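# Analysis of the macromolecular model
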Amino acid sequence: EKLVIFSAPSGSGKTTLAKYLLAEMPQLAFSVSAASRNMRTGEIDGKDYYFLSIEDFKKKIANNEFVEYEEVYPNHFYGTLFSEIERIWAEGKAVLFDVDVVGGANLKKIFGKKALAVFVRPPSLNILKERLQNRATDSEEAIKTRLSKAEYEMTFEKKFDIVIVNDNLEKAKIETLEVVQNFIEK
């Protein structure tokens, strides 16, 4: 019963790496987080996130259904449901999390040695800024917010077991695969 946690400042490429691992390693299954935000174009409920209303999210908090959760912005909740981890372990697989750094650090604290916590780091904040601008999903204002948040998130690095610097995606993929395979197989 193992868990692999992927965290990074927004735009560092953690989701790309997580998807790569899922494609390469059938023994991993993606933990779908719950979110209280609206679905974005192309997202699927139950696959990308479990999209909950703010009321439902708060109800589940009150019922202790979350392993961890946080309010990222006012009334913007994200969290990991116990039922999701149990579902994956019941399939005999290891759980793969793609979560923000606070969630990742919390999960590592909760699961300890059962979990491998991977911090994906952008080569620099400037490069991160370029990536966010190229992604073109955010306004300049939102990019500014994300960057100052990223600066803060970089300070979480030491709470993780391993740091992958994503300056070259192919290299980062190989490195990540190796680290995760070693952890799962030991």
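In this report, we go over the structure that sits alongside the text.

### Considerations on the pattern of salt bridges
By the definition in use, this model includes 11 salt bridges. When the shortest N-O distance is used, the salt bridge between R121 and E157 registers 2.9 Å. Of this pair, R121 sits in strand β8 (residues 115–121) while E157 is found in the loop between α6 (140–153) and β9 (162–165), placing the two residues 36 residues apart along the sequence. Here R121 falls in the partly exposed class, since its relative accessible area comes to 23%. In this structure, the salt-bridge partner of K173 is E170, at a minimum N-O distance of 3.6 Å. Placement of both K173 and E170 in helix α7 (residues 169–185) is noted, with a separation of 3 residues, approximately one turn of the helix. Judged by its relative accessible area of 16%, K173 is buried. Given a relative accessible area of 48%, E170 falls into the partly exposed group. Salt bridges linked by common partners bring E84, R87 and E91 together as one network.

### Some points on the pairing of strand β1 (residues 3–7)
In terms of residue burial, β1 counts as a mostly covered element, since 5 of its 5 residues are buried. The side-chain alternation of β1 yields two buried faces, one formed by L3, I5 and S7 and the other by V4 and F6. Both β1 and strand β7 (residues 94–99) contribute to a ladder of 5 bridges, which runs parallel. Within the sheet, the bridge partner assigned to L3 lies in β7 and is V95. Pairing of β1 with β8 involves 5 bridges; the strand directions are parallel. Considered in β8, the bridge of S7 is made with F119.

Scoring rules and cut-offs
- Residues numbered from 1 in each chain as written.
- Predicted model: local features only at pLDDT ≥ 70, side-chain atom pairs only at ≥ 80, totals over all residues.
- Heavy atoms only, no water.
- Salt bridge = Lys/Arg side-chain N within 4 Å of Asp/Glu carboxyl O.
- Helix = DSSP H or I, 4+ residues; strand = E, 2+ residues; numbered from the N terminus.
- Buried < 20%, exposed > 50% of the residue type's maximum accessible area, 1.4 Å probe, protein only.
- Pairing = 2+ DSSP bridges.

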